[in-house]
Amino acid sequence: MSTRLVNVVADAADPPALARWWSRALGWPISLELPSEVDVAPSVGEPGVELVFVPVADEKVGKNRLHLDLRTGSLAEQQELTQRLLADGARRVDIGQPADAPWVVLADPEGNEFCVLEPREVYADTGPIAALVMDCSDPVALASFWTAAAGWPVRLDYGEKGVALAVPEGRGPWLELLPSTDQKQAKDRWHLDVAPYTGQDQAAEQRHLVELGASLADVGQSAEATWVVLRDPDDH
């Protein structure tokens, strides 16, 4: 039994505005717009994971524990993308990165951190999102859980420095689990959605993830919600 990673969900004060910002940033179209959510999906044939923006009134507290790394193919493209995003409402932020870091750390108009990477060959087939980066206390321990939950095998294991998972077919962003000593301060504003494969039973897959270390969570979802909210072993 296993589930598959289907999208990244972002809390937003203004989902339509933030979705349109990320649509421009990634060059992806708006694929769905409802009062309850606005989705940004890869263009047809392009690798990537759908972004889903949902209305949440809570204010952002602390650094997000999940963020996006954006891919570039050259230093010139990195500079151009950075300047374009800054002109469109992003801002530079300091989250403790080295002063000589080759990547650029920005925040979107609602303060969500993300990185514009320098060119890296390993991300050549990812699409505009190079990686979904998750801060965690023990990447090695968490990798086994997310291998099952996302359905993505381990691509690279750096031990204490982190673990990278990748889509089985090899095209699309990586899921990188990186070590962090930061303490969780509030509900995660960005999280991952997983789903059973076609024909599989949602309740059975929920039990399987709980057996792997997940736990039920209450984040204010309605009693009629068709989805189940879980926390992974590291409280994501």
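In what follows, the structure referred to is the one given above.
Residues numbered from 1 in each chain as written. Predicted model: local features only at pLDDT ≥ 70, side-chain atom pairs only at ≥ 80, totals over all residues. Heavy atoms only, no water.

### A look at the layout of surface pockets
What counts, and what does not: Put plainly, a pocket is an open set of points on a 1 Å grid over the protein atoms alone with protein on both sides within 12 Å along at least five of seven lines, a cavity is a set where a 1.4 Å probe fits but cannot get out, and a lining residue has an atom within 4 Å of a point. Grid points are joined across faces, edges and corners, and a volume is the space filled by probe spheres set on the points. Labels follow the DSSP assignment, with helices taken as runs of H or I lasting at least four residues and strands as runs of E lasting at least two, numbered in each case from the N terminus. Under the scheme applied here, ten amino acids are nonpolar (Ala, Val, Leu, Ile, Met, Phe, Trp, Tyr, Cys and Pro), four are charged (Asp, Glu, Lys and Arg), and all others, including Gly, are polar.
The space that makes up the largest pocket amounts to roughly 1300 Å³. The wall of the largest pocket is formed by 47 residues, among which His191, Asp193, Trp227, Val228 and Val229 lie closest to the centre. Only β1 (3–12), β3 (37–40), β4 (50–55), α3 (139–150), β13 (190–196), α4 (202–211) and β15 (230–231) provide two or more residues apiece to the lining of the largest pocket. Residue contributions to the lining of the largest pocket peak at seven residues, all from β13. Classifying every residue of the lining of the largest pocket gives 24 nonpolar, eight polar and 15 charged. Counted as a void, the second largest pocket has a volume near 560 Å³. The leading source of residues in the lining of the second largest pocket is strand β12 (residues 174–179), at four residues. Residues that form the lining of the second largest pocket fall into these classes: 15 nonpolar, five polar and seven charged.

### Side note on the sheet that holds β13
Short version of the rule: Two strands qualify as a pair provided DSSP detects at least 2 bridges between them. Axis lines are fitted through C-alpha atoms, for helices just across the contact stretch, and the angle between N-to-C directions can take any value from 0 to 180 degrees. Residues are treated as being in contact if the distance between any of their heavy atoms lies within 4.5 Å.
Pairing in this open sheet of five strands is mixed, and the strands run β2-β3-β4-β1-β13 from one edge to the other. Strand pairing shows two members of the sheet lacking a second neighbour, β2 (30–34) and β13, which therefore form its edges. Strand after strand, the sheet turns through a mean of 25° between neighbouring axes, direction not considered. Bridging between β3 and β4 involves three bridges; their strand directions are antiparallel. Bridge assignment links Asp39 to a residue of β4, and that residue is Val52. Packed on one face of the sheet, helix α1 (residues 15–26) meets β1, β2, β3, β4 and β13 and runs near 160° to β4.

### A look at the pairing of β12
Judged from the six bridges that link them, strand β9 (residues 129–136) and β12 form a sheet pairing that is parallel. Directly across from Asp135, in β12, lies its bridge partner Leu178. Examined bridge by bridge, strand β11 (residues 163–166) and β12 share four bridges and lie antiparallel to one another. Looking across to β12, one finds that Ala164 is bridged to Glu176.

### As for the sheet that holds strand β6 (residues 91–92)
Pairing in this open sheet of eight strands is mixed, and the strands run β6-β7-β8-β5-β9-β12-β11-β10 from one edge to the other. Single-partner strands in this sheet number two, and they are β6 and β10 (154–157). Bridge count for β10 against β11 is three bridges, and the pairing is antiparallel. Residue Leu156 lies in a different strand from β11, and its bridge partner there is Ala164.

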